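A look at the structure
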Amino acid sequence: MSFREDAATAIEALVEFAARAHERDGPVIRQPALGDLAQRLDLERLIAEGGLTGDTLHTFLADYLAASTRLQHPGYMAHQVAVPLPHSAIAALIDGFTNNAMAIYEMGPAAATVEVAVVNWMLRKIGWAPSRPPGGVLTHGGSLANLTALLAARGKVAPQAWEDGTPSNLVIVTSPASHYSIARTAGIMGLGQKAIRHAPTDSFGRLDPARLGGFLADLKTSGAVPIAVVATACATALGLYDPLRDIAAACREHGVWLHVDGAHGASALVSPRLRRLLDGIALADSVVWDAHKMLGTSTLCAAVLVRDHADLDHAFREEASYLFHDKDQPGIDLIHRTVECTKAAIGLKAFFALAAGGERTIAATIERQTDLAVAAAARLRAEPDFEVAVEPETNIVCVRLDGRDALQMALRRRLTEDGDFYVSTTEALGRRWLRLALMNPATEMADIEALIARLRTIRAELRSEFP
Ligand SMILES: *Cc1c(COP(=O)(O)O)cnc(C)c1O
């Protein structure tokens, strides 16, 4: 078994996989049944007998990639997962090989240094000064990052909670459009979903800052204590940004922690043109920012960032004497600040994505994808029987064809079976929509035209079922 030769085989297979996907050669998605696939891949025999090298590896990779969803295909418009920049995947290989579990500095000085640099770069984009220790940490995904930020916020309003448990009058204030990981945090903290309090919104589901102050005052009167107000920037379904500056003003007035869930949308901070969408973000107390969405980074890499670095130390208070001891050391341990104990060098993936072409290249891609969404929305709106939910603020477009919610689901099912387009669906504004997350820089207006034509054909074929 030669690492060099097998790695070369894998890279060759990946290059061809991406090139064919890019050329729209073959489907974007194909879903063989799990049992059939397990047999074709010969998984049980390989586990028992080994031999995944040379020609066997070559054959295995061909079968594996044939049943892999092709994010590099221009018809990939379904989810907010990045089409990774190839260099980010190189970082994933380096990380996998070195396996430096860098939550303690001695297990990965280079990895920890890179993480701190990525965190500091993000802090500066928000408008916060880097510090030592840094005001942030990387986690395996935005959901964990949201949990971490809200634990830090809880530590502020209820410092005894780590010892005594979460007081039952704590609540989390947010909009119904916030990501489900926020509601999950209430469940994980033992507060239950009843602790999620939906503040008033405008007709598009954005938090309404004019009515937020009154809402917070009423909560206080009722005896509830907010852990935080969670603003979304931007919302997962429609891609709209909550108005951060005015929300921050209401939070300041009532002394409530403002958490900004920017998992998808914080990347707009990189663009001089688009960063106005996050105007006021520096007034927040904490921010979550995923690199594996709009920064072209291989999964997973998310950041939890705080204005005051000391706040992060309130998130977890635990002792593991073999790991957490005062030591004279040249670097910094991050293990006090994460759910994870063993942690991958995830900062390396974000760093490779950024450093491949520099931040201006990333900014140009984000601007291009946003412009494409605006153009796609205008084009879709021109079709008399298509309806677009909102003017896009980011690379997300929600559209529906005249008809029931079940029609939208049937359209998506048929698109997915055909395999040339892969879109998602979402519920927003009381109805079901087809949702396009335009993540792929190879997607062009011609693909939107082709999607419209395909939807029309399927619509006609579904006429008997949906008159
Ligand atoms: C994607 C997303 C999340 C979840 O992040 P993961 O990295 O998938 O765990 C949270 N909030 C928002 C607004 C998101 O778009």
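Coordinates for the structure precede this section.
Residues numbered from 1 in each chain as written. Predicted model: local features only at pLDDT ≥ 70, side-chain atom pairs only at ≥ 80, totals over all residues. Heavy atoms only, no water.

A separate point is the pattern of salt bridges. According to the stated counting rule, one finds 26 salt bridges in the structure shown. Ionic pairing is found between Asp208 and Arg211, a salt bridge with its closest N-O pair at 2.8 Å. Each of Arg379, Glu383, Asp385, Glu449 and Arg456 takes part in one network of salt bridges that share partners. (Salt bridge = Lys/Arg side-chain N within 4 Å of Asp/Glu carboxyl O.)

On to the environment of His264, then. Of note, His264 is situated in the loop between β6 (258-261) and β7 (286-290). Between the C-alpha atoms of His264 and Ala103, which are 161 residues apart in sequence, the distance is 25 Å. Beyond its immediate stretch of four places on either side in the chain, His264 contacts Gln80, Cys234, Lys293, Met294, Thr394, Asn395, Ile396 and Met439. Within the structure, the side chain of His264 is placed 3.1 Å from the side chain of Gln80, a separation counted as a polar contact. (Helix = DSSP H or I, 4+ residues; strand = E, 2+ residues; numbered from the N terminus. Contact = heavy atoms within 4.5 Å. Polar contact = N/O pair within 3.5 Å; in protein donor to acceptor, adjacent residues only side chain to side chain.)

Turning our attention to the sheet that holds strand β5 (residues 225-232). Taken in spatial order, the 7 strands make up an open sheet running β2-β8-β7-β6-β5-β3-β4, and their pairing is mixed. Only two strands of the sheet have a single neighbouring strand rather than two, namely β2 (136-139) and β4 (196-198). Ignoring strand direction, the axes of neighbouring strands in this sheet form an average angle of 25°. Judged from the 4 bridges that link them, β2 and strand β8 (residues 302-306) form a sheet pairing that is antiparallel. Pairing of Thr139 across the sheet is with Ala302, part of β8. Against the sheet, helix α9 (residues 180-188) makes contact with β3 (170-174), β4, β5 and β6, and its axis sits at roughly 180° relative to β3, the strand it touches most. (Pairing = 2+ DSSP bridges. Axes fitted to C-alpha atoms, helices over the stretch in contact; angles between N-to-C directions.)

What follows is about the sheet that holds strand β10 (residues 396-401). Across the sheet, which stays open at both edges, the 5 strands sit in the order β1-β11-β12-β10-β9 with mixed pairing between neighbours. Edge positions in the sheet fall to β1 (76-77) and β9 (386-388), since each of these pairs with one other strand and no more. Packed on one face of the sheet, helix α14 (residues 359-381) meets β9, β10 and β12 (431-437) and runs near 15° to β10. Each of β10, β11 (422-428) and β12 touches helix α15 (residues 405-418); the most contacted strand, β12, lies at about 30° to it.

Turning to the packing of aromatic side chains, a few remarks are in order. The tally for this structure, following the rule as stated, stands at 6 aromatic pairs. With centroids separated by 6.1 Å and ring planes inclined at 70°, the aromatic side chains of Phe351 and Phe352 adopt a geometry described as edge-to-face. Looking at Arg400, its charged tip hangs above the ring of Trp433, at a distance of 5.6 Å from the centre. (Phe/Tyr/Trp six-rings, centres within 6.5 Å; stacked < 30°, edge-to-face > 60°. Lys NZ or Arg CZ within 6 Å of the ring centre and 35° of its normal.)

To continue, consider the site of the ligand. Neighbouring residues of the ligand: 16 residues in total, closest Gly142, Ser143, Asp261, Asp290 and Lys293. Take Asp261: an N or O atom from its side chain is 2.6 Å from a nitrogen atom of the ligand. Contact distances for the ligand include 2.9 Å between an oxygen atom and a side-chain N or O atom of His292. Of all the elements in the fold, those that place two or more residues in the shell around the ligand are α7 (142-157) and α12 (291-294). Among the elements that take part in the shell around the ligand, α7 stands out by supplying 3 residues, more than any other. The residue makeup of the shell around the ligand, split by class, is 2 nonpolar, 11 polar and 3 charged. (Near = heavy atom within 4 Å. Nonpolar A, V, L, I, M, F, W, Y, C, P; charged D, E, K, R; others polar.)

Ala233 connects to Cys234 through a cis peptide bond whose omega is 0°. Cis rather than trans, the peptide bond between Thr299 and Leu300 has omega equal to -15°. For Leu300, the location among the structural elements is in the loop between α12 and β8. The residue Arg24 is not glycine, and still its phi comes out positive at about 60°. Look at Asn99: it is not a glycine, yet its phi comes out positive at around 50°. With respect to the element layout, Asn99 can be found in the loop between α5 (86-98) and α6 (109-126).

It is worth spelling out the nonpolar core at this point. Val173, Leu212, Val229, Leu258, Trp289 and Leu305 are the most contacted members of the largest nonpolar core, which has 65 residues in total. Considering each element in turn, this core owes the most residues, 7 residues, to α6. With residues near it in sequence (within four places) discarded, Val173 still touches Arg197, Ala199, Leu212, Phe215, Leu216, Leu219, Pro226, Ala228, Val229 and Val230. In terms of nonpolar packing, the next biggest core, distinct from the first, is built from 27 residues, Met77, Phe421, Leu436 and Ile458 among them. (Core = buried A, V, L, I, M, F, W, Y, C linked by side-chain atoms within 4.5 Å. Buried < 20%, exposed > 50% of the residue type's maximum accessible area, 1.4 Å probe, protein only.)

Geometric descriptors of this kind do not, in isolation, establish any biological role.
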